[in-house]
Amino acid sequence: MLWKKLIFFFLFFSIFISIKDGIVKRDPIEMEFLVNRWIFYLDINKKEFSEELLKQAIFYERIQNPEIVLLQAYLETGFFTSDIFLNGHNCFGMKYPKFRATVSIGEYQGHARYNNWWDSVIDYAIWQKWYLSKGYKIEEFDSDAYLVFLNCIRYAEDPHYIRKLVHLKDVS
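Residues numbered from 1 in each chain as written. Predicted model: local features only at pLDDT ≥ 70, side-chain atom pairs only at ≥ 80, totals over all residues. Heavy atoms only, no water.

### Details of the environment of Phe149
Worth spelling out the cut-off: By the criteria applied, helices consist of DSSP H or I runs no shorter than four residues and strands consist of E runs no shorter than two, each listed in order from the N terminus. Summary of the burial criterion: residues with accessible area below 20% of their type's maximum are buried, those above 50% are exposed, and those between are partly exposed, where the area comes from a 1.4 Å probe applied to protein chains only. Throughout, a residue-residue contact means that at least one pair of heavy atoms, one from each residue, lies within 4.5 Å.
Along the polypeptide, Phe149 turns up in helix H7 (residues 143-152). A relative accessible area of 6% places Phe149 in the buried class. It is 8.3 Å that separates the C-alpha atoms of Phe149 and Lys137, two residues lying 12 residues apart in sequence. In contact with Phe149, other than residues within four places in its own chain, are Trp127, Tyr131, Tyr136 and Ile138.

### Some words on the nonpolar core
Rules: As used here, the term nonpolar core means buried Ala, Val, Leu, Ile, Met, Phe, Trp, Tyr and Cys residues forming a set that is joined through side-chain atoms within 4.5 Å.
Judged by nonpolar contacts, the single largest core of 43 residues is most densely connected at Leu54, Phe92, Trp117, Tyr124, Trp127 and Leu150. Residue assignment for this core shows that the elements contributing at least two residues are helix H2 (28-44), helix H3 (51-60), helix H4 (66-77), helix H6 (117-133), H7 and helix H8 (161-171). Per-element tally for this core: the top contributor is H6, with eight residues. Among residues more than four places away in sequence, those in contact with Leu150 are Ile68, Gln72, Tyr124, Trp127, Tyr155, Ile162 and Leu165.

### A few points about the pattern of salt bridges
The line we're drawing: Criterion for a salt bridge: a side-chain nitrogen of Lys or Arg within 4 Å of a carboxyl oxygen of Asp or Glu.
Applying the stated criterion to the full structure yields nine salt bridges. Asp43 is the salt-bridge partner of Lys47, the closest N and O atoms lying 3.2 Å from each other. Here Asp43 falls in the partly exposed class, since its relative accessible area comes to 28%. Among the salt bridges present, the one from Lys55 reaches Glu51, with a minimum N-O distance of 3.6 Å. Separated by four residues within a single helix, Lys55 and Glu51 lie in helix H3, roughly one turn from each other. Exposure remark for Lys55: the relative accessible area of 38% places this residue in the partly exposed category. Residues participating in the shared-partner salt-bridge network are Asp43, Lys46 and Lys47.

### Focus on the side chain of Thr77
Counted only if it meets this: Between N or O atoms, a polar contact is any pair within 3.5 Å; within protein, one atom must be a potential hydrogen donor and the other a potential acceptor, and residues adjacent in sequence are included only when both atoms are from side chains.
Mapping Thr77 onto the fold places it in helix H4. Residue classification places Thr77 among the buried positions, given a relative accessible area of 0%. Within the structure, Thr77 has its side chain in polar contact with the backbone nitrogen of Phe80 (distance 2.7 Å). Ignoring anything within four residues of it in the chain, the contact list for Thr77 reads Ser82, Phe85, Asn90 and Cys91.

### Focus on H6
To be explicit about the condition: A helix's residues, less one, multiplied by 1.5 Å, set its expected span.
Here H6 spans 25 Å end to end across 17 residues, near enough to the 24 Å set by a 1.5 Å rise per residue. With 12 of its 17 residues buried, H6 lies for the most part within the structure. Buried within H6 are the following residues: Trp117, Trp118, Asp119, Ser120, Val121, Ile122, Asp123, Tyr124, Ala125, Trp127, Gln128 and Tyr131. Taken together, the buried residues of H6 touch H2, H3, H4, helix H5 (83-86) and H7. One or two positions beyond H6, positive phi appears at Gly135, with a value near 100 degrees.

### Points about H8
Short version of the rule: As used here, the arc belongs to the directions running from the helix axis to the C-beta atoms.
Those residues of H8 that sit buried are Tyr161, Ile162, Leu165 and Leu168. Taken down its axis, H8 places every buried residue within 120 degrees of arc, on the same side. Among the exposed residues of H8, those pointing more than 90 degrees away from its buried face are Arg163, His167, Asp170 and Val171. Buried positions along H8 lie against H4 and H7.

Put into structure tokens, the structure is as follows:
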């Protein structure tokens, strides 16, 4: 029952803030997406982690190049078996940021620590948006360009990181 009240509140609030001069500014498809995203996040804390839930979280956060991002999660977590993933809830090996907003709650073994795994997905989306705001171009459907971007910004300390992602891409 509580989730129904929350959905109603979210819908009411979303419509309320999008009305200007009596005209609704959001289109129905966007509203449906936002409602589905809200339901997803209300429901997710009752479920065990799965790759499918990770894919859905990446989708709902509108993360660009989701195929490469998923490969990053495989590589960074050892296919979801690493200590940083299991205890730090970090899907992407993200470090605690010094210059951007974050939902991280601190550090764990030199990496960002999160309340839950989906917060690391939200933080990855914040990280992508931060780079976009700095003038970087991330082509949404060009995985090769995204790999170049990751290499240029030195996403990982491992000098063979991009090569490993390419290998994962080729075998999956």
